[in-house]
Each structure stands twice: as structure tokens, then as C-alpha cells.
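Summary of the model geometry
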Amino acid sequence: MNNAIARTSALLSTCALLLTGCGGGTSPVTNSPTNSPNITKNNTPSDTTATTGTAIPIGIAVAQTSNVALLGQEEVAGAKLAEKYFNSKGGINGTPIKLVFQDTSGDEAGAINAFQTLINKDKVVGIVGPTLSQQAFSADPIGERAKVPIIGPSNTAKGIPEIGDYIARVSAPVSIVAPNSVKAALKQNPQLKKVAVFYAQNDAFSKSETEIFQQTVKDQGLELVTVQKFQTSDTDFQSQATNGINLKPDLVIISGLAADGGNLVRQLRELGYKGLIVGGNGLNTSNLLPVCKALCDGVLIAQAYSPEHPGEINAAFRKAYTDEYKKEPPQFSAQAFTAVQVYVEALQALDKKSKVNKLQLPELRTELNKQILIGEYNTPLGEIGFTPIGEVVQKDFYVAQIKMAKDGSQGKFTFLK
């Protein structure tokens, strides 16, 4: 992206204007024959050529329903902002993009069905998704076999890029991000000794993340007093919470999703736990706040995004988001915006080499995948790139602490220095 300071004001103004009529991103989006996002000519879908008409289709396969929708809705919001922003800047050298949304729900079957529909029916050039690592391990091989580029917006478990040559992610691996929150807890309370760990055993990401957390606990010379398991569908954590509290931990670490994780935080506090709590990436959403309300206060969560990150594109994204939603943008929205940005800029670069409207769809997908991996991108997350296997290369990370009003009516993520 052009970072000329002189253009910042114009960029922000444009981004504000492009939001007119933008939906809130909280309702499921469905496709119909009348608004098919296939690249078309005279409304006739093309199965072979990449651009024979008016728009380039990019698939968005995230969770719009189920308990995972607390995360997926934020990704929908970020993707929609990216679509409006980049189309307002000319799209792919004059050709707009068209995002095609498919709901993955919260399970593997939903992700597989969404991927198959986007690839075979909607003829997208690439896919952003799915929301969960658990889903990625099942759905990404569908994209790999079809040779369709996949960019994970929030898949941070170990082994995601290794699924195949067409799999990449803009979400930094948990092994890099998670330890920062434990170190922040130690900075706040250097006397920490005992740690209780809780994790969702039915979620691939939570299982991967808890391994990193447990290793970090050992690396920091702390005592791991218990490991308690639960399911992402659980609502009653009295047994696990009581077992943990009885061992008098100084720190609790939770790997789960927003609904279950928020309820676990609430019940720990209700049962009298007063120590520090670290939440994993699944709790990294403002949708957590209505779940545990005032009892969310003080939870520490490592971040791969900060609204305060300097740079023209983040300033534009931040203003667009706050204008639309009246709050600071969360990490999941920033990562979804970034994933769409990667597709747009890779398509722009590819179009300059070989006009994408002259390429057959299979060739475009293959060449686009190659271009994604060699590109460098200045995004809301900062400057990023990819390793040859599709792992994101990112240098800026943060830790935030939740600050809630006493009545629990509102709260925010406060970034620690």
C-alpha cells in the first residue's frame, strides 16, 4: 500500500463514505440466483474463464451461526469493510471484487459443505476461512485437492499451513502469540507460582493452544497444579472450577471459545477466585463481554492486532469500523480484512503480469496462489508476508486487558505497554 502521509486524510474520508448502507455483519448471508457472485457476462455463470464479466468472486467461509458465530460475525464485518474499501479504490485495476459468503456454522461438516459450494458452484478464485482450526483440518484439504487458494483468517493451531501447497494463513501461530499473555501476567504479579489450566478438549485449536500455554508455564518456572478439561458446548463449569480453586492457583489460563470461555470466567469469579486470568485466542472478542459482564474485568489476552498500530491502512480500517459499529475493531475483523486485502493485492500484481480476464479459472487459481506467497503486504496487522509453505510472517504483537464498567454494561480491551 502507498504510505504517503499526504494521502491519509483523503483515504480516511473515502473509507468513511464507503460504509454507507453497510450491514452490521451479524446476520447469516445467503446467496440467490439473482445475486450470484460468479464472474459473469449477461448474468450467465462461466465455469471456465476467470473474468468474462463484472466482478471477481472471492469466497468467505466463516461461522455465521452456532456458538462460533461470536467469532465469525466479526470476520464477516471485517471482510465486508474490505470489499467496500478496495472496490472504492478501483478493485483489481478497474474490475471490482465480489465477496461470496457461505456459513460454515461451528462444525467440520458445515465448513466442508461451504468450501465445496464456493469452489464448485460459486467458482470463486480463492477462499477466506474457515473460522476454527478444527474446521480447517477437515475443510482445507478440499481446497488443496481442487487447487484453490485458502487463506485462514483465524486458524492458529500448529500444522495449518502444512496441510498443503494452497493453504496459507494471516493468523500468526499460537506458539508465537500465546506466551506473551503469561509473561504479561508475571509482569503484573511477579509473585505468581501456581497455575491452573482449563481447555476445551473437543476443539483442535484449544488443544494446540493449551500445549503452548502449559509449556510456557514450565519455561517460566511456574508450577502447573491442575489441568481441567471441558467441552465448547458446556455451560456448567462448577466441577472444574471448584477443582481448580481448591488448589489455590495464582493464575488461571483458559483455552476455549467465547461462549464457554466467558461462562467459565464468570463461574470462577462467582466461586471466589480472585487471581489473574489469561484467556486464549478463542476469547479474543468483544462478544465475550456480554457473557461474563463485570466479571470479565482484568482478563489478559494476547493479541496479533492493535487498533493503535500506526499506518495508513490501519487508520482507514479503524475509522471505518468505529464509524459503523461505534467501538474499536477486534482482532478477528482485522484479520478478515487483511485476508481480503491479500487477495486483492495479489490479484492486482498478477493482473499486471498477465491479465486475469484472459486466464482460465484453474490457471488463475494456481497463479494467484503463487503470487500470494511471494507478495509483501502493508495491512492493519502491520507489514506481513508468507513463508514458502504459507505461514504468515508478522513482527508486531500485543497484550490487552479487559476493563469493564462496574455494572458490566460496557467494557473494552485496554492495550498494555
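Residues numbered from 1 in each chain as written. Predicted model: local features only at pLDDT ≥ 70, side-chain atom pairs only at ≥ 80, totals over all residues. Heavy atoms only, no water.

Among the five residues in strand 14 (residues 382-386), four count as buried, and that is most of the element. Where strand 13 (residues 377-379) and strand 14 come together, three bridges link them in antiparallel fashion. Residue Asn378 lies in a different strand from strand 14, and its bridge partner there is Glu383. Hairpin remark: strand 13 followed by strand 14, antiparallel, with two residues in the connecting loop. In this sheet, strand 15 (residues 392-394) lies alongside strand 14 in antiparallel orientation, the contact comprising three bridges. Within the sheet, the bridge partner assigned to Gly385 lies in strand 15 and is Val393. Where strand 14 hands over to strand 15, the hairpin turn is made up of five residues, of which Gly390 adopts a positive phi near 100 degrees. (Buried < 20%, exposed > 50% of the residue type's maximum accessible area, 1.4 Å probe, protein only. Helix = DSSP H or I, 4+ residues; strand = E, 2+ residues; numbered from the N terminus. Pairing = 2+ DSSP bridges.)

This paragraph deals with the side chain of Ser333. Secondary-structure assignment places Ser333 in helix 12 (residues 331-353). For Ser333, a relative accessible area of 0% corresponds to the buried category.

A few words on the sheet that holds strand 6 (residues 150-152). One key point about sheets: their strands pair by backbone hydrogen bonds, in either a parallel or an antiparallel sense. The strand order across the open sheet formed by five strands is 4-3-5-6-7, and the pairing between neighbours is parallel. Both outer strands of the open sheet, strand 4 (97-103) and strand 7 (167-169), are each paired with one neighbouring strand and no more. Sitting on the sheet, helix 3 (residues 108-120) touches strand 3 (56-62), strand 4, strand 5 (127-128) and strand 6, and the angle it makes with strand 4 is about 150 degrees. (Contact = heavy atoms within 4.5 Å. Axes fitted to C-alpha atoms, helices over the stretch in contact; angles between N-to-C directions.)

Taken over all residues, the pLDDT of the protein chain has a mean of 89, while the share at 70 or more is 87%. Below pLDDT 50 for its whole length, residues 1-49 participates in 97 contacts with residues either more than four positions away or in separate chains. (pLDDT = per-residue confidence, 0-100.)

The next subject is helix 13 (residues 361-374). Spanning 14 residues, helix 13 covers 20 Å between terminal C-alpha atoms, matching the ideal 20 Å at 1.5 Å per step. Inspection of helix 13 places Leu361, Leu364, Arg365, Leu368, Asn369, Gln371, Ile372 and Leu373 among the buried residues, and these make up the whole buried set. Its buried side turned inward, helix 13 meets helix 3, strand 6, strand 7, helix 12, strand 13 and strand 14. (Expected span 1.5 Å × (residues − 1).)

The subject of this paragraph is the packing of helix 11 (residues 312-325) against helix 12. One can describe the packing of helix 11 onto helix 12 by two numbers: an axis separation of 12 Å at closest approach and a directional angle of 125 degrees. By the angle class used here, helix 11 and helix 12 are oblique. By crossing handedness, the relation of helix 11 to helix 12 is classed as right-handed. On helix 12, the residues touching Ile313, Phe317 and Tyr321 of helix 11 are Ser333, Ala334, Phe337 and Gln341. (Parallel < 35°, antiparallel > 145°, perpendicular 65-115°, else oblique. Left-handed = near helix turned anticlockwise from the far one by under 90°.)

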